Every structure is written in C-alpha cells, then in structure tokens.
Amino acid sequence: MKDEIILAIESSCDETACAILKNGTELLSNIVSSQINVHTAFGGVVPEVASRLHVENISYVISSALEKAGVTMDDVDAVTYTQGPGLIGSLHVGVLAAKTLGFVYHKPLVPVHHLAGHIYANEYIAPLRFPLLALVVSGGHTELIRMEDDMKFDCVGTTHDDAIGEAYDKVARVLGLGYPGGPKIDKLAKEGKPVYALPKVHTDHPLDFSFSGLKSAVIQSLGRLERHGEELNKADMAASFQEAALNEITGRVREAIELYHPKHFVMAGGVAANSRLRELITAECESHPDMTYTIPPMWCCTDNAAMIAKAGWHAYKLGVRGDLYDSPDPGLELESFEPSKEDA
Ligand code: KG4
Ligand code: ZN
C-alpha cells in the first residue's frame, strides 16, 4: 500500500514548527524554531515580534522538515495546520504557508485546533483509549477535556481568568525571576517550603479553575512583607504559590476522574513539564488502578508540529477539510468532528 504522508505546520504562539508524519505513526521529522530567547529580553511574548519572526523562519522550517524526512512536496498527501486558537499575527503566518503549499502543490488542507494537537501528542507515547480525560495546562490554557472517541471533545472544566502558565509567568515576574517563569518557579520551589498562607480558590463549577486571586494574593503578601520590613524568602514563596496552584489542579483532576471514570488520563501543554505537577498527578493516577495514564516527555508537552501532525492525521482520515478561504481564528472553539450528511 502507498505510504500516506502528512506535512504539519504550527505557529500559534512563539514556536515556528513543521513536522512530517508517515502513515500516522512514523515521525520522519519534527523541526521547532523557538523564539524564546528573543521574548525573554522583553519579559514575555510580544505578539508583533512573534509574527515577524514567524515570517522570517517559516520557509526555513518547512524546507528543513522536508529535507530531514527525505521527502518532497510530491510525496505529501495532505497539509495540516493550526487554525487557532493563538495570536492572530502568528497564526496568519502558518495558515498562509499551509494554504500556499496546498494551492501550489494541489494538496488537501486539514485545519486543526491547537488543543487537539496537545492532546494527540500523547499518541506518540501510548495509544489513546476512550473514554479519555485530558488535562491541558499551558501559557494560554487550563482545560479538562473529555473524549468519547477520536476527535470528539467535551470541555468539562476551564479557567475563569488566567491560564495556569500565565499565572506562573506573572508570579515569576513579581518575584524578579524572569521569563518564562514556569521552569524558574519549578526549580526554585524545590529549595523552599510552602510556609506562606495563600487562599484556596473558589469557583462555582466544581471542575473550573481560577488563578488570578492566587496571583493577587502573592502580590499582596509581597507588599505586606515589605511594609513590615520583613525579608522575603523567594524559594518559600515559589513553593507556596506552586503548592496552592497545583493542589487546585490535582483536586479538579481527582473530581473529574471520580465523575467520569475515564479509561485513560493524559496530560498536555507546557506546564505538564512541571516536576511537582508530574509527581502529584502520578500519585493521583496510581490510586486508580483501572485507569491507564500517560505523562508525556518534555518534547511532547511544549508547542511543536508533531502534535498537529497526529491530530491532523485523524482529522484527515475522518474527512475534515479546509479550503483557501479559511482564515486563522484566534478564538477557535474546540468542536467535535461531525460527519456531514453526505458522508453518513
Ligand atoms: O504549551 P506551551 O509551550 O505554550 C502555550 O501554548 O502556551 O506552554 C508555555 C507555558 C509557559 O507559561 C511556561 O512558563 C510554562 O508553560 N512552563 C512551565 C514549566 N515549563 C514551562 N510551568 C511550570 N513548570 C514548568 N516546569
Ligand atoms: Zn500550546
């Protein structure tokens, strides 16, 4: 049987990425050009700078991915890409590159939701089993997503304000740790103890999250210490914030598992790289022996195009198609695939 080859493009935030996937399983190449060093100088992602760097990098990333995979555009069967959500200027670059390739080489286009990509990244580690529960934790997202089947998504919990990664980055900034804050707090917290009292978060919906109150509580504590002339122990504050934030996440995961009894639990997104969250989630999942769980390695957690290729492969096989009139959608909703009447 002829090999089926997917070319995937991701450019929703500050990584310009292209990957080539063969027959849905063999990752032939996975090129990621990170802009993080540039944004670090500004203390966070600057959207206009991100868009410009995507424009500079996209052609190089695509040609490197093809070259490393040892294939040409003639071998490619479909072009898949992140349509949203993300930064509008960043998304535009990837979507335009995908549409150009589709148009010039007459290839079908397959739009993909960024979060579907994060979830499907786990398929590089283990086959997904349904019903599945995914915890997506990144700079832009904090979501609990239930899946009954391939490409069937049901968001059962979300944040009311900041995403968890955003909260890490903001707290790191007020502690003077620099950007990106997540890995810095993760490391520093190991040297401290959670001795500072921070409030427990309350949300009306039992599976929802909220982190802005926690972030404000950290800022207020810093102000109080300063007013009283007391010295701040940064490691203890990092540990206090981290324990409060991650206990909230683990608590919601526990409730969701008890409510939905998934066969498989997966983690996804940049914050899934957090060493303490991995510990807490492992302990939680170990107490459910009937459930499989996957805690993906670092390369699967952060933004890349291999994850878009996996989600794109399933979408392609189900018949999802985009066209040259498609636009990037920064607020794209995660919708389930529904076969059209003609397909049924
Ligand atoms: O998934 P990702 O690469 O990009 C988005 O789609 O947002 O996630 C980036 C986020 C940043 O907020 C970063 O601070 C956070 O992931 N992050 C971490 C860790 N490593 C990255 N947060 C906590 N602990 C970490 N070890
Ligand atoms: Zn992401």
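Now for a quick tour of the structure.

**Some remarks on the coordination of the zinc ion (ligand 2)**
Binding of the zinc ion (ligand 2) to the protein goes through His114 (NE2), His118 (NE2) and Asp303 (OD), at separations of 2.1 to 2.2 Å. Here the donor residues of the zinc ion (ligand 2) share one chain and are spaced in sequence as H-x3-H-x184-D. In this pair, histidine 114 and histidine 118 are both assigned in helix H4 (residues 114-120), four residues apart and thus about one turn of the helix distant. For the pair histidine 114 and histidine 118, one class covers both residues: buried.

**Regarding helix H3 (residues 88-105)**
Taking 1.5 Å of rise per residue, 18 residues should cover 26 Å, and H3 covers 26 Å from first to last C-alpha, within 8% of that figure. Taken as a whole, H3 has its buried residues at Ser90, Leu91, Val93, Gly94, Val95, Ala97, Ala98, Lys99, Leu101 and Gly102. In the core, the buried residues of H3 are packed alongside strand S1 (5-10), helix H2 (47-69), strand S4 (78-84) and strand S5 (109-113).

**Some words on the site of ligand 1**
Around ligand 1 there are 20 residues in total, and Gly139, Asp169, Asp186, Gly270 and Asn274 lie nearest to it. Contacts to ligand 1 include aspartate 303, whose side-chain N or O atom sits 3.4 Å from an oxygen atom. Contact with the protein chains hides 88% of the accessible area of ligand 1, taken as 560 Å² for the molecule alone. Listed by contribution, the elements that provide at least two residues to the shell around ligand 1 are H4, helix H5 (164-174) and helix H6 (181-189). Here the element with the most residues in the shell around ligand 1 is H6; it accounts for four residues. Class assignment of the residues belonging to the shell around ligand 1 gives a composition of five nonpolar, 12 polar and three charged. Formed jointly, the shell around ligand 1 draws a minimum of three residues from each of two domains, domain 1 (5-120 + 301-317) and domain 2 (129-295).

**Thoughts on the nonpolar core**
Counting residues in hydrophobic clusters, the biggest one holds 45 residues, and the most contacted among them are Leu135, Leu144, Phe241, Ile249, Phe265 and Ile281. For this core, the secondary structure elements donating two or more residues are strand S6 (132-137), H5, H6, helix H7 (212-227), helix H8 (234-260), strand S9 (264-268) and helix H9 (275-286). At 11 residues, the largest contribution of residues to this core is made by H8. Residues in contact with isoleucine 249, not counting those within four places in the same chain, are Leu135, Val137, Ile164, Phe209, Phe211 and Leu277.

Parameters at a glance
- Residues numbered from 1 in each chain as written.
- Chains lettered and ligands numbered in written order.
- Predicted model: local features only at pLDDT ≥ 70, side-chain atom pairs only at ≥ 80, totals over all residues.
- Heavy atoms only, no water.
- Donors = N, O, S within 2.8 Å, 3.2 Å for Na, K, Ca; no water.
- Helix = DSSP H or I, 4+ residues; strand = E, 2+ residues; numbered from the N terminus.
- Buried < 20%, exposed > 50% of the residue type's maximum accessible area, 1.4 Å probe, protein only.
- Expected span 1.5 Å × (residues − 1).
- Contact = heavy atoms within 4.5 Å.
- Near = heavy atom within 4 Å.
- Polar contact = N/O pair within 3.5 Å; in protein donor to acceptor, adjacent residues only side chain to side chain.
- Areas by Shrake-Rupley, 256 points an atom, 1.4 Å probe, with all protein chains shown as cover.
- Nonpolar A, V, L, I, M, F, W, Y, C, P; charged D, E, K, R; others polar.
- Domains from an automatic or database assignment.
- Core = buried A, V, L, I, M, F, W, Y, C linked by side-chain atoms within 4.5 Å.

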